[in-house]
Amino acid sequence: MTCDEAKILLHALLDNELDAGHAREVEAHIASCPDCAAEFAAQREMQRVLADTDLRYAAPASLRARIEASLPQPQRRQPTRRSVLRGFAMGSAVSALAASGVVAVVLRQDDQQRILSEVVSAHLRSLQAGHLIDVVSTDQHTVKPWFNGKLDVAPPVIDLTAQGFTLVGGRLDYIDARAIGAVVYKRRQHVINLFVSQTSNAEYRAPKTETMQGFNCRRWGNRGLNFWAVSDIGADELAEFVDKFEAAMKANVEG
């Protein structure tokens, strides 16, 4: 394991987010590398200081009292039997509809977070030696045909070298218990994994950036495909990558 690979995984080791095999590899590297050991010690000390610091602010009781006093007081009147029954029936119906909607939203959000976690885990696995690329090439006309026959739909492969993002190859990966394509780019020494899977939803979904385990992930949907771009580069640079990829893909379709 190189220092660059180890430093990417230090946060995950510190937060106990690595599996036993990867944790042993990082710990073995730290034991033999003074620079990485010093970095890990500094991160651990920062974690300790933050944990020991009381960052919560408790508002005084007088503030709650002032807020409650400033609120308009509701006018009370004696409810009739009919109004009580009607209100109960309407409230039950609305509550049932609202509850079902809330449950659906929560399930969708949980599913999205689970898949995002799998995507980030796949990105972490790819950073291990020998896991990043199945087909090594900077030529999009070599990488894209390699996916043919391996997936139902081959991912779009676009050369963005002139825009500062170098195509270095591709591989097969597994997300949500199915095979998907991963197109690999580099920004300086930083790896960008672009995961692509087929979906029945053909609607365009605008890019959205989230952060997990210290990595930025920008996900979006277009033309019946789901995309996740994952890297440790800044969120602004990752957004730039997605914008340039989308623009080039659009130009290819229109051309």
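Residues numbered from 1 in each chain as written. Predicted model: local features only at pLDDT ≥ 70, side-chain atom pairs only at ≥ 80, totals over all residues. Heavy atoms only, no water.

Here we come to the packing of aromatic side chains. Taken as a whole and assessed by the stated rule, the structure comprises seven aromatic pairs. Centroid distance Trp146 to Phe147: 5.1 Å. Interplanar angle 80°. Geometry classified as edge-to-face. Residue Trp146 is classed as partly exposed on the basis of its relative accessible area, which comes to 21%. An angle of 70° between the planes, with centres 6.3 Å apart, marks the rings of Trp220 and Phe245 as edge-to-face. Placement of the pair is Trp220 in strand S6 (residues 215-222) and Phe245 in helix H7 (residues 235-254), with a sequence separation of 25 residues. We classify Trp220 as buried; its relative accessible area is 3%. On the basis of relative accessible area, Phe245 is assigned to the buried category, the value being 0%. Of the aromatic side chains, those joined through ring pairs into one cluster are Phe165, Tyr185, Trp220, Phe227, Phe241 and Phe245. If you follow Lys150 out to its NZ or CZ, it ends over the ring of Trp146, 4.4 Å from the centre. (Phe/Tyr/Trp six-rings, centres within 6.5 Å; stacked < 30°, edge-to-face > 60°. Buried < 20%, exposed > 50% of the residue type's maximum accessible area, 1.4 Å probe, protein only. Helix = DSSP H or I, 4+ residues; strand = E, 2+ residues; numbered from the N terminus. Lys NZ or Arg CZ within 6 Å of the ring centre and 35° of its normal.)

Before going further, it helps to examine the UniProt feature "domain: Putative zinc-finger" (unreviewed entry) in the protein. Residues given the UniProt feature "domain: Putative zinc-finger" (unreviewed entry) here are residues 3-37. Split by type, residues 3-37 is 83% helix and 0% strand. Its first and last C-alpha atoms lie 10 Å apart. (UniProt positions renumbered as here; feature names shortened; annotations may be inferred.)

On to helix H1 (residues 3-14). The terminal C-alpha atoms of H1, which comprises 12 residues, lie 16 Å apart, in line with the 16 Å expected from a rise of 1.5 Å per residue. Note on H1: the residue one or two positions beyond its end, Asn16, has a positive phi of about 60°. (Expected span 1.5 Å × (residues − 1).)

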